[in-house]
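Single-letter residue listing:
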Amino acid sequence: MILRGKYVVCRVIDDDTSEIIKDGAVFQRDGQIVEIGLYMDLKARHDPDEEIGGPDFVVIPGMVNAHHHMRLTPFQLGSLDMPLEPGIFAEWSSREVDPYLDTLWCVLQMIESGITTVMHNQAMVRTPSDLDFYDSNARIVDAYEDSGMRVAFSLYNRDLHFFTSQDDETFLDSLPPFLGDRSRKGMRSRPITLDDHLSASEKLIVNKASNRTRIFISPHNVHWCSYEYLLAIKDFASRHSTGLHIHLQETAYQKMYGDEHWGKTPLAHLKDLGFLGPDLSCAHGVWLTDSDIDLLAETGTAICHNPSSNLRLNSGIAPINRLLERGVNVAIGIDEAGINDDNDILQEMRLTQKIHREPGVGVASPSSHRVLDMATRNGAKVTFFGDEAGTLEVGKRADMVLLDLERISEPYLDPDTNIVDSVVYRGRGSDAKTVIVDGEVLLRDGVHTKFDRAEIGARIRESLSGPLSPAAAGRAKFNADLKP
Ligand SMILES: [Zn+2]
């Protein structure tokens, strides 16, 4: 197959430069990139089965959403934006959506904006039908497998502070007795254990790991896990040579927790447990200190930056300029919604570029090239697909996106504008016309090749059309009682 563009953006070189081929093309065979060069040359040398694109397109590497959870967005399920801590309660009352369909809908949206790989971080939750954590989560991985997208999938869980960031008993004692008693009952009936977490993760590795699926493991967040829990998770990752993903210092309270309990930041606590290294990626890192940034740089630990989520949940703005200055690997995630509630990675990239422009002349902030690198190569690295994807190079797998250059530049755009600036300043998810993973076309002329979008949407609508289930209604009532 030949993929042709007025420009082919192969890879980012530095803050101001990318390797770009004008009137270029990529030739891929069986999912492997065989040659990249001028379209005329490739056309003369190869006899492709298919040719996609043309002079009205720009070809870029497939993009990576480096921190994500499943589901319709919290807003779609009835929650307005609010700070993270009460927001967690709000999610408990959400309706139950079939995990396969729910994942698939989100996947379709992601593919539509040019995402070819995702870091999917999945909460372990017990539902009435959820007898086996493996089965319910395998259905989520099945949705990715069926869709053709690459995924680094991890289950997350915690063993401390189920309700807030303080000891559960202390918190429950502070509640009106009827609420405290009810909460204790719910907590103790069937707790989700470390063993549940490890055994389901192990089974996923055995049954579901493939060339497009990696299985990681994830402690939820530092202050929600005991030493023993963190060490067991680290040991599991080492034994299985797999990746670790964790939420870190997302809100000011989480940083304060470290000061109060360990006399150091949560990241420094992780360092003391031997947790840091290139196999670990941390979502958010909004409240990092200068010495935290040094620790990340020294250990090769990555940050997955989620600017929309941080704005929507009142978390703050992560110190990305400082992280980039120190050479920390920073990737970009949408964290299940994005600023327009539509999982559009190009908008997340644009927000990443604009939000770190600190006042004043001469203060560095991410260039378009840097942002593209974060959303492609850096994301591929944190999801353990760095050898296969993230750049367009001979020998790598063919994960790429054709964007509608005509729409991006209509009716006029200065011809001297660098194409990477054009994409980051003006690109939208809807400009992604063709999306290819491993040489397989998942989106062609804006239409999904494997699923009928309208049909999946109708099935979700239908499944949510009835009244709340008794369990969901109970959770909603409990949540409403507890929130004050
Ligand atoms: Zn998250």
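Above this note sits the structure.
The rules behind the values
- Residues numbered from 1 in each chain as written.
- Predicted model: local features only at pLDDT ≥ 70, side-chain atom pairs only at ≥ 80, totals over all residues.
- Heavy atoms only, no water.
- Pairing = 2+ DSSP bridges.
- Helix = DSSP H or I, 4+ residues; strand = E, 2+ residues; numbered from the N terminus.
- Buried < 20%, exposed > 50% of the residue type's maximum accessible area, 1.4 Å probe, protein only.
- Polar contact = N/O pair within 3.5 Å; in protein donor to acceptor, adjacent residues only side chain to side chain.
- Contact = heavy atoms within 4.5 Å.
- Phe/Tyr/Trp six-rings, centres within 6.5 Å; stacked < 30°, edge-to-face > 60°.
- Lys NZ or Arg CZ within 6 Å of the ring centre and 35° of its normal.
- Expected span 1.5 Å × (residues − 1).
- Bend = angle between axes of the 7 residues up to and from the residue.
- Donors = N, O, S within 2.8 Å, 3.2 Å for Na, K, Ca; no water.
- Axes fitted to C-alpha atoms, helices over the stretch in contact; angles between N-to-C directions.
- Parallel < 35°, antiparallel > 145°, perpendicular 65-115°, else oblique.
- Left-handed = near helix turned anticlockwise from the far one by under 90°.
- Core = buried A, V, L, I, M, F, W, Y, C linked by side-chain atoms within 4.5 Å.
- Arc of directions from axis to C-beta.
- Patch = residues over 30% accessible without salt bridge, like charges linked within 9 Å, V, L, I, M, F, W, Y side chains within 5 Å.
- Areas by Shrake-Rupley, 256 points an atom, 1.4 Å probe, with all protein chains shown as cover.
- Salt bridge = Lys/Arg side-chain N within 4 Å of Asp/Glu carboxyl O.
- Nonpolar A, V, L, I, M, F, W, Y, C, P; charged D, E, K, R; others polar.

Glancing now at the sheet that holds strand β16 (residues 447-448). Taken together, the eight strands give an open sheet; going across it, the order is β3-β2-β1-β4-β13-β14-β15-β16, and neighbouring strands pair in mixed fashion. For this open sheet the edge positions go to β3 (32-38) and β16, each flanked by a neighbour on one side alone.

By the secondary structure assignment, Ser183 is in helix α6 (residues 177-189). For Ser183, a relative accessible area of 3% corresponds to the buried category. In this structure the side chain of Ser183 is engaged in a polar contact, spanning 2.6 Å, whose partner is the backbone oxygen of Leu179. Apart from the residues within four sequence positions on either side, Ser183 is in contact with Phe163, Leu172, Leu175 and Phe478.

When we look at a pair of aromatic rings, we describe it by the centre distance and by the angle of the planes. The full count for this structure, using the stated rule, is four aromatic pairs. Between the aromatic rings of Tyr257 and Trp262, the centroid separation amounts to 5.4 Å while the plane-to-plane angle is 70°, which identifies the pairing as edge-to-face. For the pair formed by Tyr257 and Trp262, the shared burial category is buried. Taken together, the aromatic side chains of Phe162, Phe163 and Phe171 make up a single cluster linked through ring pairs. Sitting over the ring of Trp224, Arg158 keeps its end group 3.9 Å from the ring centre. The cationic tip of Lys354 hangs over the ring face of Tyr425; the distance from NZ or CZ to the ring centre is 3.7 Å.

This part covers the environment of Ser136. Residue position: Ser136 is located in helix α4 (residues 133-147). Note on Ser136: relative accessible area 22%, which makes it partly exposed. Sequence separation between Ser136 and Glu358 is 222 residues, and the spatial gap between their C-alpha atoms is 45 Å. Only 3.4 Å separates the side chain of Ser136 from the backbone oxygen of Phe133, close enough to count as a polar contact.

The end-to-end C-alpha distance of helix α15 (residues 368-382), which contains 15 residues, comes to 20 Å, matching closely the 21 Å that a straight helix rising 1.5 Å per residue would cover. Bending of α15 peaks at approximately 40° at the position of Met374. Here α15 lies mainly inside the structure; 13 of its 15 residues are buried. Immediately downstream of α15, the backbone of Phe384 shows phi near 65°, a positive value.

Now for the coordination of the zinc ion. Taken together, His67 (NE2), His69 (NE2), His247 (NE2) and Asp335 (OD) make up the protein donors of the zinc ion, found 2.1 to 2.7 Å from the metal. Along the chain, the residues that donate to the zinc ion are spaced as H-x1-H-x177-H-x87-D. Like His67, the residue His69 is buried in the burial classification.

Quick look at the pairing of strand β14 (residues 432-437) now. For β14, a buried count of five out of six residues is recorded, marking the element as mostly surrounded by other parts of the structure. Of the pairings in the sheet, the one linking β14 to strand β15 (residues 440-444) comprises three bridges and is antiparallel in character. For Val435, the partnering residue across the bridge sits in β15 and is Leu443. Counting the residues between successive antiparallel strands, the hairpin from β14 to β15 contains two residues, one of them, Asp438, with a positive phi of roughly 55°.

In this section: the packing of helix α7 (residues 194-208) against helix α8 (residues 227-239). In helix packing, the relevant descriptors are the interaxial angle and the interaxial distance, both defined with respect to the helix axes. Interaxial distance between α7 and α8 falls to 11 Å at its minimum, and their mutual angle equals 15°. The orientation of α7 relative to α8 falls into the category roughly parallel. Relative to α8, the crossing made by α7 is right-handed. In this structure, α7 contributes Leu194, His197, Leu198, Ser201, Glu202 and Ile205 to the contact, and α8 contributes Tyr229, Ala232, Ile233 and Phe236.

What follows is about the nonpolar core. In summary, soluble globular proteins display a tendency toward joint burial of nonpolar side chains. One finds Val58, Leu323, Met349 and Leu403 to be the most contacted residues of the largest nonpolar core, which totals 82 residues. Per element, the largest residue contribution to this core is six residues, and it comes from α4. Beyond its immediate sequence surroundings of up to four residues, Met349 is in contact with Met63, Ile332, Val371, Leu372, Ala375 and Val424.

Turning our eyes to something else, we now look at helix α11 (residues 290-299). Taken together, the buried positions of α11 are Asp292, Ile293, Leu295, Leu296 and Thr299. All buried residues of α11 lie within an arc of 155° about the axis, which places them on one face of the element. With respect to the buried face of α11, the exposed residues turned more than 90 degrees away are Asp290 and Glu298. The inward-facing, buried residues of α11 contact α10 (266-272), β11 (302-305) and α13 (320-325). Positive backbone phi, at 75°, marks Gly300, one or two positions downstream of α11.

On to a nonpolar patch on the surface. A cluster of nonpolar residues, Leu311, Ile317 and Ile339, forms a patch on the protein surface that exposes about 240 Å² of accessible area. Examined against the element boundaries, Leu311 turns out to sit in helix α12 (residues 307-312). Assessed through its relative accessible area of 39%, Leu311 is described here as partly exposed.

Below, the discussion takes up the packing of α4 against α7. Interaxial distance between α4 and α7 falls to 10 Å at its minimum, and their mutual angle equals 40°. Considering only the axes of α4 and α7, their crossing is right-handed. Residue-level contacts link Phe133, Tyr134, Ala138, Val141, Asp142 and Glu145 of α4 to Asp196, Ala200, Lys203, Leu204, Asn207 and Lys208 of α7. In the contact of α4 with α7, the residues fall into six nonpolar, one polar and five charged.

For Asn340, the location among the structural elements is in the loop between β12 (330-332) and α14 (345-355). For Asn340, a relative accessible area of 44% gives the class partly exposed. Between the C-alpha atom of Asn340 and that of Ile33, which follows or precedes it by 307 residues, the distance is 34 Å. Here Gln347 takes part through its side chain, which lies 2.8 Å from a polar atom of the side chain of Asn340.

Function cannot be read off these values alone, since they describe shape.
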